[in-house]
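One letter stands for each residue in the lines below.
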Amino acid sequence: MATETENKGVKGEDATRQVMMTIKDKVEHKFLEKVEEKEVKVVPEALVIGGGIAGMYAALDIAEAGFKVHLVERTPSIGGHMAQLDKTFPTLDCSACILTPRMVDVGAHPNIDLLSYSEVVGVEGSVGNFKVKVLKKARYVDEDKCTGCSTCSEVCRLKNRFPNEFDLGLMKRSAIYRPYPFAIPAIYTVDGEHCLMVKKGKCGKATLESTIEAVKKKEEGKEVTKDEAPPCVVACDANAIRHDMKDEIIELNVGGIIVATGYDVIDPRVSPEYKYGVYPNVIHGLEFERYSSASGPTMGKIEINGKTPRDAVFISCVGSRNKQTGFEYCSRVCCMYLAKQAHLLQEKVPDCKITILYQDVRAFGKGFEEFYSRVKEEGVTYRRGLASEIYKKPGSDRVVVRAEDTMLGEPYELEADLVVLGVGLRPSEGSDKLFKMLGISQSVDKFAKEAHPKLRPVDTEVEGIFITGCAQGPKDIPDSVAQGKAAAAALLSLLAGGKATIRSSVAEIEEDICVGCHSLRDMAEQIATK
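## Considerations on the overall build of the protein chain
Helices and strands together make up the secondary structure of the protein chain, namely 13 helices and 28 strands. Dimensions of the protein chain, computed from the C-alpha atoms along their principal axes, are close to 95 × 70 × 40 Å. Buried residues in the protein chain amount to 48% of all 530 residues. If you take every contact in the protein chain between residues at least 6 apart in sequence, the share linking residues at least 24 apart comes to 66%. Averaged over its 71 positive side-chain charges, the protein chain has a centre that lies 3 Å from the centre of its 78 negative ones.

Structure, rendered in structure tokens:
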């Protein structure tokens, strides 16, 4: 009886497939033969969304080929997370040293329209002719007049009151600020959420109306007093501050789009057993980069709470490769940046005892295995098995890391002054909204989905839109640069051709995910019984 039922089910599936093929054949015969292809002119301009290292290289390659590029970056400066790093693995090049020249090139290139502190809010059209709306947020500073001096920030009434986002809140900034000393564009931005004049219309005795009049007086060469305008306006020799500035919508017309929205780090609080945010000497990898950097809060000295660590523990795969946190994928960079940070810590604090707890060491790139071996030879201890919890040592400001050595099958505890969590990478905040706006699908890990993982890694299913860098998935700097240049080449082939072919959209059944509707199944079963 069971065999008869199984045979009936098999016949039903075969009949279902036959019905589907029949429908497909009829549709193709009656409709697809009449589909007309339309050729359109390609607007000789490009849009790059995201000003990190991948987006910068994509924009530079397109601009160097002679086409105009609009580079949109949502933060006040380009450079992305690479600007926050101290050194880069495995060569230990200074990140700022190799990044800053490229940033200057982008800011000064005549074919690049740099729209920092801006966001894409609307996209219409198709390949060759995309109509894009960009929200250019008010900086309250005239970009053409600002010279990048720090006078306004120094005299601000709210000087050093607010967490600096670039330093991950480890340093403070004023209500008018420049993210970091070598930021491009080299202009200041007023934080509208905290500036007294923008938020309340008053700063000291000065009002918004008196400030507007004071700006006019300064343009005429007249002096103004602190009662007429806030200190920043009085001190600004370039007269660049405009507290009455408004957001504006800029409309662009481009032939193709490159998405390079980058990444954010996974919030370490997804693993509450590590007590991030509870114990001040438990930090994550990007915060370590700021402590290690000469432009960071401690000017490059590794000091946590004013103390130099004697014992340090690095924990890999925090957030990544974990079904419980929702980030099941490997972030690819964590093993190597922890090795690099362990090397930097030992270099700066030679007496510090350093232990790295790991699941697997994935040193896959060029020169990575050699660098990993070098770090071990320098005296860094690697122990297989992740920590189960971190707790504070009674009567001390030190913490205790509890773990199990899975190679030996033995539990152990390590005291530490510093614990660095090797957090993984996730899609940047707001990227899912942008992907939906562009019509780009997302993979199960929420990164942008490529047209084909092997043969079309920078193309998307939307013709004329390309993805690059960590928008497509976690990757290191060399891979991001290579993919940025690949996306630029793909878009250049479109712009250089001058014309694009638009085909009518045709719905197709994705057999791998189709579960079949009940009416079609019933029809198939009836056919099978005949």
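Okay, back to it.
## A look at the confidence of the model for the protein chain
The predicted structure's coordinates, where accompanied by low pLDDT, should not be read in detail. Counting all residues, the mean pLDDT for the protein chain is 92, and 91% of those residues have values of 70 or more. With pLDDT under 50 throughout, residues 1-6 is counted as low confidence; its partners more than four residues away or in other chains account for 0 contacts.

## Considering the environment of Leu-491
By secondary structure assignment, the location of Leu-491 is in helix α12 (residues 477-497). Look at Leu-491 and you get buried, because its relative accessible area is 0%. Residues Leu-491 and Glu-39, spaced 452 residues apart in sequence, show a C-alpha to C-alpha distance of 17 Å.

## As for the packing of aromatic side chains
Counting across every chain of the model gives 9 aromatic pairs. Between the aromatic rings of Tyr-180 and Phe-182, the centroid separation amounts to 4.6 Å while the plane-to-plane angle is 70 degrees, which identifies the pairing as edge-to-face. Take Tyr-180 and Phe-182: they sit in the same class, and that class is buried. With centroids separated by 5.5 Å and ring planes inclined at 75 degrees, the aromatic side chains of Tyr-329 and Phe-447 adopt a geometry described as edge-to-face. Separated by 118 residues along the polypeptide, Tyr-329 in the loop between β19 (311-318) and α9 (334-348) and Phe-447 in the loop between α11 (431-438) and β27 (465-467) bring together distant segments of the chain. Connected via pairs of aromatic rings, a cluster forms that spans Phe-89, Phe-364 and Phe-368. The ring of Tyr-117 is capped by Lys-137, whose NZ or CZ atom sits 4.6 Å from the centre of that ring. In this arrangement the basic side chain of Arg-383 is found over the ring face of Tyr-412, its NZ or CZ atom lying 3.7 Å from the centre.

## Some remarks on the sheet that holds strand β7 (residues 118-126)
Ordered by their spatial adjacency, 3 strands build an open sheet running β7-β8-β15, and the pairing between neighbours is antiparallel. Pairing within the sheet leaves two strands with one partner each, and these edge strands are β7 and β15 (248-254). Looking at each pair of strands side by side, their axes are set apart by 20 degrees on average, direction ignored. Bridge analysis of strand β8 (residues 129-136) against β15 gives 7 bridges, and the strand direction is antiparallel. Counterpart to Lys-133 in the pairing with β15 is Glu-251.

## A word on unusual backbone geometry
Glycine aside, residues mostly have negative phi, and peptide bonds are mostly found in the trans state. Of note, the amide linkage connecting Phe-89 to Pro-90 takes the cis form, showing an omega dihedral of -5 degrees. Here Pro-90 shows up in the loop between β4 (87-88) and β5 (93-94). In this structure, Asn-305 takes a positive phi of about 60 degrees despite not being glycine. Its place among the elements puts Asn-305 in the loop between α8 (285-292) and β19. Looking at Asn-305, the relative accessible area reads 55%, which means it is exposed. The backbone of Arg-332 shows a phi angle near 70 degrees, a positive value even though the residue is not glycine. Relative to the helices and strands, Arg-332 is located in the loop between β19 and α9.

## Considering the pattern of salt bridges
For side chains of opposite charge, pairing can occur when their charged atoms come near one another. Enumeration over the complete set of coordinates arrives at 32 salt bridges. A salt bridge links Asp-105 to Arg-102; the nearest nitrogen and oxygen atoms lie 2.7 Å apart. Residue Asp-105 and its partner Arg-102 are located together in helix α3 (residues 95-108), separated by 3 residues, close to a single helical turn. Overall, the relative accessible area of 32% leaves Asp-105 in the partly exposed class. For Arg-102, a relative accessible area of 25% puts it in the partly exposed group.

## Side note on helix α10 (residues 368-377)
Among the residues of α10, Phe-368, Phe-371, Tyr-372 and Val-375 are the ones counted as buried. End-on view of α10: buried residues confined to an arc of 100 degrees, all on one side of the axis. α10 presents Glu-370 and Glu-377 as exposed residues on the side facing more than 90 degrees away from its buried surface. Where α10 is buried, its residues touch α9 and β21 (381-384). Phi for Gly-379, located one or two positions after α10, is positive at around 110 degrees.

## A few points about the sheet that holds strand β24 (residues 410-416)
Across the sheet, 3 strands lie side by side as β22-β23-β24; this open sheet has antiparallel pairing. Looking along the sheet, the strands with just one partner apiece sit at the ends: β22 (387-392) and β24. In this sheet, adjacent strand axes meet at a mean angle of 20 degrees when their direction is disregarded. As paired elements, β22 and strand β23 (residues 399-405) share 5 bridges and run antiparallel to each other. Directly across from Ala-387, in β23, lies its bridge partner Ala-403.

## Describing the state of the cysteines
In the structure shown here, the tally under the stated rule is 0 disulfides. Cysteine Cys-149 remains unbridged, with the sulfur of Cys-152 as its closest cysteine sulfur at 6.0 Å. On the basis of relative accessible area, Cys-149 is assigned to the partly exposed category, the value being 37%. You can see Cys-334 has no disulfide; the closest cysteine sulfur is in Cys-317, sitting 6.5 Å from it. Residue classification places Cys-334 among the buried positions, given a relative accessible area of 6%.

The rules behind each value
- Residues numbered from 1 in each chain as written.
- Predicted model: local features only at pLDDT ≥ 70, side-chain atom pairs only at ≥ 80, totals over all residues.
- Heavy atoms only, no water.
- Helix = DSSP H or I, 4+ residues; strand = E, 2+ residues; numbered from the N terminus.
- Buried < 20%, exposed > 50% of the residue type's maximum accessible area, 1.4 Å probe, protein only.
- Contact = heavy atoms within 4.5 Å.
- Lys, Arg positive; Asp, Glu negative; His and termini not counted.
- Charge placed at Lys NZ, Arg CZ, Asp CG, Glu CD.
- pLDDT = per-residue confidence, 0-100.
- Phe/Tyr/Trp six-rings, centres within 6.5 Å; stacked < 30°, edge-to-face > 60°.
- Lys NZ or Arg CZ within 6 Å of the ring centre and 35° of its normal.
- Pairing = 2+ DSSP bridges.
- Axes fitted to C-alpha atoms, helices over the stretch in contact; angles between N-to-C directions.
- Salt bridge = Lys/Arg side-chain N within 4 Å of Asp/Glu carboxyl O.
- Arc of directions from axis to C-beta.
- Disulfide = S-S within 2.5 Å.

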